[in-house]
Amino acid sequence: MQDSTNKSDIDYNYLWNHINNLPLVTLVVAASRPGSDFLHSLFDSHPEILTFDGPLPFDTFYDKAFTIWGTKINMKIKQRLNTISPSDFFYEFAWTHVHKFYSNYDNYEKKDKLGEKGDLFNKIDINSFVNHAIKLLRSNELNRRNALLAIYGAFALARGEDVGLKKVLLHNVHHIKRIDYLIQDFKEIKIICAVRDPRSYFSNIQSLWDYTPSIMSPAANYDILKRVLDECTPVTEKKNCDIRVILHERLHKEPKTVMKNVCNWLSILEDPSLYESTWGGLSWRGDDMSTGISSVFNPNIYEISKERWNKIINFIDGIIIESLMYNKIKQYGYFQSYSIVHYIFVPLLIILPNINELRILFYSFRENRYKDIIKWPYFLIKRYMLMYKRLIRCIFGMDSVISVL
């Protein structure tokens, strides 16, 4: 997408004030592969939403930017440079995230194969982006908040969008741990938690084994499981946050209902673009791990998911995950396979290694990954602590109820 904006006609002072007053909405994942990027892609072309090309771990970039800190980033004493060049900073951002500007480099997300025929990609002029960002920022301090706002405004302008029409700034932080910096920089935040049936964890781990087994490790397995079991809990502990849940299965089955609820919550128009999955206005059909996507929404996706994980999940692991997530499964209307008779054995069943832990251990021995073998008992114990903590929350009804869109 090329910048078609006539820069001489742009009132940067007005746009900067406008962007500063936009309510901030952020997307976070609260499950294993809950379709957060798919959800983001539905917002991509909405004329009233100011957004970026997918997840952006901006805090990490800012804290390590050479144009802000120099090369003493990892030293004991870390200080901002006395003189900071906005031009250099925005160029560093653009080239560090070059796949966001030239999507032909983003082959994992398959943004190199956009469009109905899969033969298109986005190209955003970096020089134009930097010029817009500099003029938006002007004499304002280049701090983390202002830099983020300038980047979003400049990115939209470089795509030829009318920033003056925007009513919401949508920032996809992806991971819940990144919300803290937003809370520091913005007074109020609206949070969308992307959620999926917790039992899909098993089939999604299987997808990782099939796609790239080398990344599977005790740490990786624990982190994904922790995301599933923690779900939205870490978000509910944040102050000044308005939180909503979007269920992956419900979005596919009832897109009109979900999107109307989103529009009412965000006070935006129900634009037809909300029912098209795009990046930069070009249609998208999922990342490299997604298979068999022929349409935007699949009303049968839950039945397909259940059939897949039922082939993978064993009796013991099924009882454990369902009992630990009982309150959430009941609240969201997911199906239940077991009864209270099964649940009473959970405290003892937790002690047994689950199927993924055993696979990782055998794989580590086979591939001579001695570090993973040594770490395996450590993450087994961490998993015990995680699950028993989760069990206590479930028994005593300590899970917060969050509205579902």
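Structure first, text after, so check above.
This is a predicted model, so every value here is computed, not measured. Here the residue index of a chain counts from 1 through its sequence in written order. Reporting in this predicted model follows two pLDDT cut-offs: at least 70 for local features of residues, and 80 or more for side-chain atom pairs to be given and counted; totals over whole chains, interfaces and linings ignore these cut-offs and use all residues. Each side-chain value is derived from all of the structure's non-hydrogen atoms; neither hydrogens nor water enter the calculation.

1. Description of the nonpolar core
Residue types Ala, Val, Leu, Ile, Met, Phe, Trp, Tyr and Cys, when buried and joined through side-chain atoms within 4.5 Å, form a set referred to as a nonpolar core. Residue exposure (1.4 Å probe, protein chains only): buried if accessible area is under 20% of the type maximum, exposed if over 50%, otherwise partly exposed. Core analysis: the biggest nonpolar cluster contains 101 residues, and Phe58, Phe89, Phe129 and Cys193 have the highest contact counts within it. For this core, the leading source of residues is helix H8 (residues 144-158), giving 11 residues. When near neighbours in sequence (up to four residues on either side) are disregarded, Phe58 contacts Phe89, Phe93, Arg144, Ala147, Leu148, Ile151, His171 and Tyr181. With 27 residues, the next largest nonpolar core counts Phe38, Leu170, Val258 and Ile268 among its residues. By the criteria applied, helices consist of DSSP H or I runs no shorter than four residues and strands consist of E runs no shorter than two, each listed in order from the N terminus. Residue contacts are defined here by distance: any two heavy atoms, one from each residue, within 4.5 Å place the two residues in contact.

2. Focus on the packing of helix H20 (residues 355-366) against helix H21 (residues 370-395)
For helices, the fitted line uses only the C-alpha atoms of the stretch in contact; every axis is such a line through C-alpha atoms, and the angle between N-to-C directions lies from 0 to 180 degrees. With their axes 10 Å apart at the nearest point, H20 and H21 run at an angle of 170 degrees to one another. Considered as vectors, H20 and H21 are oriented roughly antiparallel to each other. Of the residues in H21, those touching H20 at Glu357, Leu361, Ser364 and Phe365 are Asp372, Ile373, Trp376, Leu380 and Arg383. Residue polarity follows a fixed list, in which Ala, Val, Leu, Ile, Met, Phe, Trp, Tyr, Cys and Pro are nonpolar, Asp, Glu, Lys and Arg are charged, and the others, Gly among them, are polar. Of the residues that constitute the contact of H20 with H21, the class distribution is 5 nonpolar, 1 polar and 3 charged. Any angle that is under 35 degrees is reported as roughly parallel, and any over 145 degrees as roughly antiparallel; angles of 65 to 115 degrees are reported as roughly perpendicular and all others as oblique.

3. Some points on the pairing of strand S3 (residues 168-174)
When you tally the buried positions in S3, you get 6 out of 7 residues, the bulk of the element. In this description, strands pair whenever DSSP reports at least two bridges between them. With 2 bridges joining them, strand S2 (residues 49-50) and S3 adopt parallel strand pairing. In the sheet register, Ile49 faces S3, and the bridge partner there is Val168.

4. Digging into the pairing of strand S4 (residues 189-195)
Counting buried residues along S4, 6 of its 7 residues qualify, which places the element largely inside the surrounding structure. Looking at chain direction, strand S1 (residues 24-29) and S4 are connected through 6 bridges and run parallel. Residue Thr26 lies in a different strand from S4, and its bridge partner there is Ile191. Relative to strand S5 (residues 241-247), S4 runs parallel, the two sharing 7 bridges.

5. Topic: the packing of aromatic side chains
Two aromatic rings, taken as a pair, are described by how far apart their centres are and by the angle between their planes. Ring pairs are drawn from Phe, Tyr and Trp, using the six-membered ring of Trp, whenever the two centres fall within 6.5 Å, and their geometry is named by plane angle: stacked under 30 degrees, edge-to-face over 60, tilted for the rest. Summed over all chains, the structure comprises 33 aromatic pairs. On the numbers, 5.6 Å between centres and 50 degrees between planes, the contact of Phe61 with Phe89 is tilted. In this pair, Phe61 is assigned in helix H3 (residues 58-64) and Phe89 in helix H5 (residues 86-96), connecting sequence segments 28 residues apart. This pair shows no difference in class: Phe61 is buried, exactly as Phe89 is. Here the aromatic residues Phe52, Phe58, Phe61, Tyr62, Trp69, Phe89, Phe90, Phe93, Phe101, Phe129, Tyr152 and Phe155 are joined through ring pairs into a cluster of three or more. Criterion for a charge above a ring: Lys NZ or Arg CZ within 6 Å of the ring centre, and within 35 degrees of the ring normal. Seen from the ring of Phe335, Arg199 lies directly overhead, with NZ or CZ sitting 4.3 Å from the centre. Over the face of the ring belonging to Tyr302 we find Lys306, whose NZ or CZ atom lies 4.9 Å from the ring centre.

6. Side note on the pattern of salt bridges
The salt bridge definition used is simple: a Lys or Arg side-chain nitrogen within 4 Å of an Asp or Glu carboxyl oxygen. Evaluated as defined, the whole model comprises 23 salt bridges. A salt bridge links Glu48 to Lys167, with the shortest nitrogen-to-oxygen separation between them at 3.3 Å. Remark: Lys167 occurs in the loop between H8 and S3 and Glu48 occurs in the loop between helix H2 (36-43) and S2; sequence separation between them is 119 residues. Given a relative accessible area of 8%, Glu48 falls into the buried group. Glu303 serves as the salt-bridge partner of Lys306, at 3.2 Å between the closest nitrogen and oxygen.

7. Structural notes on the sheet that holds S5
One open sheet holds the 5 strands; their spatial order is S2-S3-S1-S4-S5, and the pairing between them is parallel. One side of each edge strand has no neighbouring strand; the edge strands of this open sheet are S2 and S5.

8. Focus: unusual backbone geometry
In this structure, Glu231 takes a positive phi of about 50 degrees despite not being glycine. Note that Glu231 resides in the loop between helix H11 (218-230) and helix H12 (233-236). Positive phi values are uncommon outside glycine, yet Asn368 reaches one of about 55 degrees. Structurally, the position occupied by Asn368 is in the loop between H20 and H21.

9. Structural notes on helix H10 (residues 200-211)
Helix span, as expected, comes to 1.5 Å for every residue beyond the first. Taking 1.5 Å per residue, 12 residues should reach 16 Å; H10 reaches 16 Å between its end C-alpha atoms and fits that length. Among the 12 residues in H10, 10 count as buried, and that is most of the element. When H10 is considered as a whole, its buried residues turn out to be Ser200, Tyr201, Phe202, Ser203, Asn204, Ile205, Gln206, Ser207, Leu208 and Trp209. Against H11, helix H15 (301-312), helix H16 (315-324) and H20 lie the buried residues of H10.

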